[in-house]
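Descriptive analysis of the structure
Residue-level listing of the chains:
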Amino acid sequence: MNTIALIPLFPLLSATLLIMSAGRMPRHIAATIGAGSVGLSAICVALLAKDFLADGQVLELTLWTWMSVGDFAPRIAFYIDGLTIVMMSVITGVGFLIHLYSIEFMWEDESICRYFTYMDLFVAAMLLLVMADNLLLLYLGWEGVGVCSYLLVGFWYKDPANGAAARKAFIVTRIGDTAMALGLFLLLTELGTLDIQPMMIAANSQWQTGDALPILATALLLGGAVGKSAQLPLHTWLPDAMAGPTPVSALIHAATMVTAGVYLIARTYGLFLLAPPTMEAVAWIGLATLLIAGFTALAQNDIKRILAYSTISQIGYMFLALGVGAFASGIFHLMTHAFFKALLFLAAGAVIHCLHHEHNIFRMGGLRTRLPIVFLSFFIGSAALAALPFTSGFYSKDAILLSAWALEDIGPWLWAGGLLGALLTSIYSFRLVFIVFFGEAKTEPDRQPGWKMAGPLLLLCLLSLVGGWFALPLAGVFPAAAEHTVNHAVEWISIGTPLLGLLLAYLMFLGGQLSVDKMVASSGARALRDFWFSGWRIDQLYDVLWVTPYKKISYWMRNEPVDAIYNSIVAANQWAHHRLLVLQNGELRWYATTMVVGLILLLAVMLRNAP
Amino acid sequence: MLATLFYIAALIALTSTMAALTRANAAHALIYLIVSLLAVAVMFFLMGAPFAAALEVVIYAGAIMVLFVFVIMMLNLGDTGEDREREWLAGRNWFVPGAMAALLLIEMLMVLGDSQGVTSGNAVSPKAVGIRLFGPYLLAVEIASMLLLSSLVGAYHLGRRFIVRRGEH
Amino acid sequence: MDGLMVPMEHVLVIAGLLFICGLFGLMLRRNIIFMLMSLEVMLNSAALAFIAAGAHWGQADGQIIFMLILTVAAAEVAVGLGLVLQIQRRFKTLDMDQAHRLRG
């Protein structure tokens, strides 16, 4: 069979096998199948990538026609170009490492079979998403990853809080999905096809830049991307989704699912280029999100929530890149982010795993000597996250900042905002490192990570360091970015800011020269810290705006007033029936009399109409 | 003269019918009815249908009415029955049936009053009736006989006295 | 013997009057026996109309229909009186207003 078709097939098959075993499969086999299938897919991707790098030829494979309704006949078809190769490599490569790690992390859990079912199903859906030739198949993968995200976030379903978090994730992304579906409808009716490449060609011939229709369609697609990628205003689900197991957060909420929105915009770049207002909106959304999330991460004390807000912030950078037209930089940052964020999440998982499920960073400390490999992972990951020089994050983030600066009008503002975000990123990520790994130990680890956890960590460390040295095979995918003159001052400022952040973090949290307690001594500062801690009170805002009114309306309508209309028809019918029933009294004389009355009336009518 | 006879018979028929239907005593009512039927038979005879007149007397008055008499005797209504009937025949009960009947009468007169035609002066002999019966109406005769058979069986079954033993329903 | 020549109108009016009498009796009386008698009266009036028609056309068909009406009346009376006996046994009365178990 064709290698391309095998790639989503392996995880799909393993998910089917695992689900049919109804949880009775022995651990070893379940884990081997679960992780092994993704490994096999990774090998297939590697083979595919080797060929692609050699000849750069785009591959297409059609499996069958999905449905055929009138003119509309979407196919199950795959389209492999440079962008797809990059995404597939990230999904299967990082995914395999995470699966391997999960074996050890989830070994003592009783539902390990169910875990690998959901994880493999997720990988299969995500692969479908990135390999899809048409937007309908992409939407299938989109919804599939949404469902798997719900299943995995609510994995430990016996605790109702996890269920609530899973529902929140699903519902908030659903809002975005609905917008995206509307966008798909619009595109289908206007352009006649949902196949991505023909669609972009048709759009270019049918629409002018700045027309209302492409703006509307791309705005709707942007709605979907915003939901899935946890950007403002639909970002509230991601911090709560940390209720799931940590490898889940690493895979779904760092490396793959949340990048689906970025992928969507990059894939349909042709449409977005026709709608400059939407592009600008993308950039501003990215900027606002990265700043808000950055400030919020600064005030958190749960190790996973810091990383969650960090993810939201970094995806803001990717949106910023897409918004200014630097599609390749956005995808580059997507890849490097996958490396170091997965690394950070896995390392956090190792900390949690070894510290018997402690999440609060202020109850950790001094783990530098006790968990050395984890410390190394965290340090390298944070360095890459903060974009310290020569890490992979450095190359990708600086590319974005330079592209932002190069844009006319709003470019410098975007650049300044991105710079502030970089400063914040550096501060909060090193805050995390210094508080957790330095100082005195408040909780002792009760075990060390095994090779299945340490191995992936080390591999991801390597990737986080050298991942930025490779040029991505994106040459043929995006239109060539305009060469902009390099402004050295801007470059040096961009390089220096993360280092400044590192210095500030050192002074505040390790050296003690700048006392954080004195900074938050005043009530105003404390209020500000609380404001940032609650995520800028957006959750509360949504509660007031949407949730409470919805509940109130549901309460008012609890007696089904709409049904009353239909019930009233029934009631009227029954009332008439009971009134008429009086006529049927069972007496013979009465019946005879009524018959005579009828006869009289009939004859009267006949006599009237007679000529 | 025959015409006068005809109208007298008609008058007798009408009055005795009215009398029959307004008696309290069932046996009296039946006798009046028999008189009415005999008057109608006279009318048939005068119109030139002797066979029908004979049938009217023999079967209608002779068998059907006698059946009625037998059943009334069997039911043994007695004086209490008669008093009850008188009570039910009180004046106020006549209003609705009377009004309905009057209205219907007016309408029927309006409908029937337009009819043209005269009875022919010729009698139709029983022989002619017999020929018609064995000719075109053969099937009707057979069906009529089956109807009578079914009513025979039905009447026999319905007239049975069902003995209810104690404890049985 | 030859028959009489009477205007059809008159005969039909007489038949109509007899019918109305029967109908009146049906609506007026509560005793089932009298109701059955009223039915007989109505059947009789219909028979009169048929005979008149037969006499008008000078054909035997009128009398044949009369015979069939007679058959029907006989059958109906037989079965009806059987039912009357059953009613008397079960309801202990011949009042038709009491026999309203088919109401509703």
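Residues numbered from 1 in each chain as written. Chains lettered and ligands numbered in written order. Predicted model: local features only at pLDDT ≥ 70, side-chain atom pairs only at ≥ 80, totals over all residues. Heavy atoms only, no water.

Further remarks concern the domain arrangement of chain B. Domain parsing of chain B yields domain 1 (2-121) and domain 2 (125-169). The C-alpha-based centres of domain 1 of chain B and domain 2 of chain B are spaced at 24 Å. (Domains from an automatic or database assignment.)

Let us look at the pattern of salt bridges. Residues and elements named next belong to chain A. Per the counting criterion, the structure on display carries 21 salt bridges over all chains. Linking R305 and D240 is a salt bridge whose minimum nitrogen-to-oxygen distance equals 3.6 Å. Of the two residues, R305 is situated in helix α14 (residues 303-323) and D240 in helix α9 (residues 237-240); the sequence distance between them amounts to 65 residues. The class for R305 is partly exposed, based on a relative accessible area of 24%. Taking the relative accessible area as the measure of exposure, D240 reaches 23% and is therefore partly exposed. Among the charged side chains, a salt-bridge network with shared partners connects E143, R174, D177 and K228. (Salt bridge = Lys/Arg side-chain N within 4 Å of Asp/Glu carboxyl O. Helix = DSSP H or I, 4+ residues; strand = E, 2+ residues; numbered from the N terminus. Buried < 20%, exposed > 50% of the residue type's maximum accessible area, 1.4 Å probe, protein only.)

All names here are of chain B. Summarizing the sequence annotation, UniProt attributes the feature "transmembrane region" (unreviewed entry) to residues 29-46, 53-74, 94-113 and 134-158 in the numbering used throughout. As a span, residues 29-46 carries 100% helix and 0% strand, and end to end its C-alpha atoms are 26 Å apart. The span residues 134-158 is 88% helix and 0% strand, and its two end C-alpha atoms sit 34 Å from each other. (UniProt positions renumbered as here; feature names shortened; annotations may be inferred.)

Next up on the list: the interface of chain B and chain A. Opposite the seven residues of chain B that make contact, chain A presents eight residues. Taking both partners together, chain B and chain A bury about 700 Å²; carbon and sulfur atoms supply 86% of that area. Three residues, M100, L104 and E107 of chain B, lead the burial of chain B against chain A; their summed loss comes to 66% of the area buried on that side. Counting across the interface, chain B meets chain A through zero salt bridges. Inspection of the region where chain B meets chain A yields one residue pair in polar contact (both at pLDDT 80 or more). Of the residues that constitute the side of chain B that touches chain A, the class distribution is six nonpolar, no polar and one charged. (Contact = heavy atoms within 4.5 Å. Buried area = accessible area lost by both parts, 1.4 Å probe. Polar contact = N/O pair within 3.5 Å; in protein donor to acceptor, adjacent residues only side chain to side chain. Nonpolar A, V, L, I, M, F, W, Y, C, P; charged D, E, K, R; others polar.)

To continue, consider the interface of chain C and chain B. In this assembly, 74 residues from chain C lie in contact with 84 residues from chain B. Approximately 7200 Å² of surface area, both sides summed, lies buried where chain C meets chain B, with 77% of it carried by carbon and sulfur atoms. When residues of chain C are sorted by the area they lose upon contact with chain B, L4, F24 and Q63 of chain C head the list and together hold 9% of the total. Put simply, chain C and chain B have two salt bridges between them. Across the salt bridge formed by R132 of chain B and D61 of chain C, the nearest N and O atoms sit 2.9 Å from each other. For the pair chain C and chain B, the interface holds 14 residue pairs in polar contact (both at pLDDT 80 or more). Per-element tally for the side of chain C that touches chain B: the top contributor is helix α3 (residues 61-91) of chain C, with 24 residues. For the side of chain C that touches chain B, the residue count by class is 48 nonpolar, 17 polar and nine charged.

What follows concerns the pairing of strand β2 (residues 75-80) of chain A. Where a strand is regular, its side chains alternate between the two sheet faces. Residues and elements named next belong to chain A. In terms of burial, β2 is a largely internal element, five of the six residues being buried. Relative to β2, strand β1 (residues 59-65) runs antiparallel, the two sharing six bridges. Bridge pairing in β2 places T62 opposite A77. (Pairing = 2+ DSSP bridges.)

To continue, consider the environment of L81 of chain C. Mapped onto the elements of the fold, L81 of chain C is located in helix α3. Separated by 49 residues in sequence, L81 of chain C and I32 of chain C place their C-alpha atoms 9.4 Å apart. With residues near it in sequence (within four places) discarded, L81 of chain C still touches L67, F68 and V71 of chain B together with I33 and L36 of chain C.

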